[in-house]
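Residues per chain, in single letters:
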Amino acid sequence: MPPSRIGIIMNGASGRMGYRQHLTRSILPIRDQGGVLLSDGRTRVQVEPILVGRDRKKLQEIADRHNIAHVSTDLDACLADPQWDIYADFLLTKARVPALHKAIDAGKATYTEKPTAESLDAALELARRAQRAGIKNGVVHDKLFLPGLVKLKTLIDSGFFGKILSVRGEFGYWVFEGDWQPAQRPSWNYRAEDGGGIIVDMFPHWNYVLEYLFGNVKSVYAAARTHIPARVDETGVAYTATADDAAYAIFELAGGIVAQLNSSWTVRVHRRELVEFQVDGTHGSAVAGLFDCRVQHRTLTPRPVWNPDLPDTHNYLADWTTVPDNVPVDNGFKVQWEQFIRHVVEDAPHPYDFLSGARGVQLAEAGLQSSRTGTRVQLRELTLEAPHDVAVSV
Ligand SMILES: NC(=O)c1ccc[n+]([C@@H]2O[C@H](COP(=O)([O-])OP(=O)(O)OC[C@H]3O[C@@H](n4cnc5c(N)ncnc54)[C@H](O)[C@@H]3O)[C@@H](O)[C@H]2O)c1
């Protein structure tokens, strides 16, 4: 019999992701709908959160606002208490590994934001420790649930593209420096010593997105830059930006697809959405964003002729057709929480485990290595059993 309730330790519940995505867009809507529906289509498991962090007053304010009964500043006590089944981690990246170790050792099912760790060694150790402890483990993979990417996946599965040749992605927007306008991201994102950097932030996402849609990443070449060397933090104090704020990368995928992805917090948006992927195949192409997806079939492809001497009056953007919103898509963070809870309660499949998280960290580490050395870095297949897996350059 599945339990009727599942207790969730939400560590870092007052942070940007912990509060906005995991609490207010996931756990609270799940609570409001009466819990997670299990595979029999009838039984529900209700969620009960405890908000954990360092500042009791802040946690209590959130708890009062949302009618949550439990808050704590004592993680060890929560981990020792059997009424809490799942440990969930939304801490800043640097603080994550020690907390995950404690949760694994306490035998809790463990779910975490990405990246799982700051180094491949630490990420693999987490995956192996979780396996040794026999605990269920999961890592976020929210981008797969973006409506635009859901449409892209449907197009791929339908055979629309023929043979997929290449992917070009643009992610980014201008993050203010913090002096004449406040920055819209936490300042630790711009300090390497605090676990910041756009490669560490975004390559774990790119890894599972590329794996899911196109094929596993075999190699990466990346040029990382710190374009803005000095910023001003949340308290108005100037600091040196030591982490990369832009990365220009080429990924070679299993099966031969080439993906070029630019990730930048120093770009002004001249696109429809903050992320866009163009996929070109022999039979058709698509441009997918967060929500939207437009396609052009080979039969509707215009025949441009290069002539720079004459103004070109053809409206190329008008040649694309919008893919309809046929299937409603729920918030990605909420959907992945429901999947993880089903995994914990009824052993439903959940491929986005700590080993998947380690592959994301491996890609970030390889991207930074590539940028440091100016070389293309090959990625080895990671397994839970292998004694040591490292990225090697060619
Ligand atoms: N999935 C996504 O799309 C996505 C997007 C942004 C960030 N993230 C990830 O989410 C995590 C949190 O990022 P954020 O933007 O919410 O950051 P944030 O700074 O808003 O929140 C961090 C949380 O960690 C807590 N914290 C800070 N220092 C701590 C310490 N030394 N010990 C214990 N707790 C500490 C803070 O109190 C806060 O609750 C990061 O790992 C980041 O990579 C994921």
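What counts, and where the lines are drawn
- Note on numbering: residues in each chain are counted from 1, in written sequence order.
- Per-residue local features of the predicted model are confined to residues with pLDDT of at least 70, and side-chain atom pairs are confined, for both listing and counting, to 80 or more; whole-chain, interface and lining totals are unaffected and use all residues.
- Runs of E in the DSSP output that reach at least two residues are strands. Runs of H or I that reach at least four are helices, and both are numbered from the N terminus.
- Between the two quantities, the radius of gyration covers C-alpha atoms and the globule rule is 2.2 Å times the number of residues to the power 0.38.
- Partly exposed residues are those falling between the two cut-offs: more than 12 but fewer than 20 other C-beta atoms within 10 Å of their own, whereas 20 or more means buried and 12 or fewer means exposed, with C-beta atoms placed from the backbone.
- Each residue is represented by a C-beta atom placed from its backbone, and any two residues with such atoms within 7 Å are regarded as in contact.
- How far each domain reaches was decided by an automatic or database domain assignment.
- Working rule for contacts: place C-beta from the backbone, and if it is within 6 Å of a molecule or strand, that residue counts as near it.
- Classification used: nonpolar for Ala, Val, Leu, Ile, Met, Phe, Trp, Tyr, Cys and Pro, charged for Asp, Glu, Lys and Arg, polar for all others including Gly.
- UniProt positions are given in the numbering used here, feature names are shortened, and annotations may be inferred rather than shown by experiment.
- Fitting a line to C-alpha atoms yields each axis, with helices limited to the stretch in contact; the angle taken between N-to-C directions then spans 0 to 180 degrees.
- By definition in this entry, angles of less than 35 degrees are roughly parallel, angles greater than 145 are roughly antiparallel, angles of 65 to 115 are roughly perpendicular, and the rest are oblique.
- Any two strands with at least two DSSP bridges between them are considered paired.
- For this entry, the nonpolar core is defined as buried Ala, Val, Leu, Ile, Met, Phe, Trp, Tyr and Cys residues connected by C-beta atoms within 7 Å.
- Every helix has an expected span of 1.5 Å times one less than the residues it contains.

### Topic: the overall build of the protein chain
Counting its regular elements, the protein chain contains nine helices and 19 strands. The globule rule puts the C-alpha radius of gyration for 394 residues at 21 Å, and the 22 Å found for the protein chain is close to it. For the protein chain, with 394 residues in total, the buried portion stands at 42%. Residue pairs in contact within the protein chain that sit at least 24 positions apart in sequence constitute 69% of those at least 6 positions apart.

### Some remarks on the domain arrangement of the protein chain
According to the domain assignment, the protein chain contains domain 1 (5-142 + 331-353) and domain 2 (144-322). Taking only C-alpha atoms into account, the centre of domain 1 sits 29 Å from that of domain 2. Facing the 13 residues of domain 1 at the interface are 11 residues of domain 2. Looking at the side of domain 1 that touches domain 2 element by element, the count peaks at three residues for helix 8 (residues 332-346).

### Concerning the site of the ligand
Lining the immediate environment of the ligand, one finds 19 residues, of which G15, R16, M17, A95 and E113 sit closest. Ranked by the residues each element gives to the shell around the ligand, the list is headed by helix 1 (residues 16-32), at three residues. Among the residues forming the shell around the ligand, the class breakdown is seven nonpolar, six polar and six charged.

### Digging into the UniProt feature "domain: GFO/IDH/MocA-like oxidoreductase" (unreviewed entry) in the protein chain
UniProt records the feature "domain: GFO/IDH/MocA-like oxidoreductase" (unreviewed entry) at residues 151-286, using the numbering of this structure. End C-alpha atoms of residues 151-286 are separated by 10 Å, and the span's content is 18% helix alongside 36% strand.

### A closer look at the environment of Q184
Mapped onto the elements, Q184 comes out in the loop between strand 8 (164-172) and helix 7 (198-213). Along the primary structure Q184 and W174 are separated by 10 residues, whereas in three dimensions their C-alpha atoms are 9.2 Å apart. Once residues within four sequence positions are removed from consideration, Q184 is found in contact with V175 and F176.

### Concerning the packing of helix 5 (residues 120-133) against helix 9 (residues 354-373)
At a minimum axis separation of 8 Å, helix 5 and helix 9 run at an interaxial angle of 175°. With respect to each other, helix 5 and helix 9 are oriented roughly antiparallel. Here L120, A123, L124, L126, A127 and A130 of helix 5 lie close against helix 9, whose contacting residues are F354, L355, G357, A358, V361, Q362 and E365.

### Section: unusual backbone geometry
With an omega of -15°, the peptide bond between K114 and P115 qualifies as cis. Unlike most non-glycine residues, N67 shows phi in positive territory, near 55°. The backbone of D347 sits at a positive phi, close to 60°, despite the residue not being glycine. Assessed through the 10 C-beta atoms surrounding it within 10 Å, D347 is described here as exposed.

### A look at the pairing of strand 14 (residues 275-281)
Both strand 8 and strand 14 contribute to a ladder of seven bridges, which runs antiparallel. Pairing of F171 across the sheet is with V275, part of strand 14. Two strands pair when backbone bridges link them, and strand 14 and strand 15 (residues 284-288) are joined in this way by four bridges, in the antiparallel orientation. Within the sheet, the bridge partner assigned to Q278 lies in strand 15 and is V287. Turn length for the strand 14-strand 15 hairpin, with the two strands adjacent in sequence and antiparallel, is two residues.

### With respect to the pairing of strand 12 (residues 246-253)
With burial as the criterion, only one face of strand 12 is covered, namely that bearing A247, A249, F251 and L253; the residues A246, Y248, I250 and E252 on the opposite face remain uncovered. Across eight bridges, the pairing between strand 9 (residues 217-225) and strand 12 is antiparallel. Residue A224 lies in a different strand from strand 12, and its bridge partner there is A247. As paired strands, strand 12 and strand 13 (residues 258-264) are joined by seven bridges and run antiparallel to one another.

### A closer look at the nonpolar core
Judged by nonpolar contacts, the single largest core of 100 residues is most densely connected at I8, I9, M10, I86, L152, I199 and L210. Looking at this core element by element, the count peaks at 10 residues for helix 7. Both of domain 1 (5-142 + 331-353) and domain 2 (144-322) provide at least three residues apiece to this core. Not counting residues within four places of it along the chain, the set of residues in contact with L152 comprises L213, F277, V279, A286, A288 and C293.

### Focus: the environment of L213
Relative to the helices and strands, L213 resides in helix 7. For L213, the residues in contact, after removing those within four places along its chain, are L152, K153 and I156.

### Quick notes on helix 6 (residues 147-158)
Taking 1.5 Å per residue as the helical rise, helix 6 with its 12 residues ought to reach 16 Å, and the 17 Å between its terminal C-alpha atoms agrees with that figure. When helix 6 is considered as a whole, its buried residues turn out to be G148, L149, V150, K151, L152 and L155. Of the surrounding elements, those touching the buried residues of helix 6 are helix 7, strand 14, strand 15 and strand 16 (293-297). G159 lies just past helix 6 and shows a positive phi near 85°.

### Quick notes on the environment of R31
Looking at where R31 falls in the secondary structure, it is placed in helix 1. Given 17 C-beta atoms within a 10 Å radius, R31 is considered partly exposed. Spatially, the C-alpha atom of R31 lies 26 Å from that of T116, the residues being 85 residues apart in sequence. Residues contacting R31, with those up to four places away along its chain left out, are Q46 and V47.

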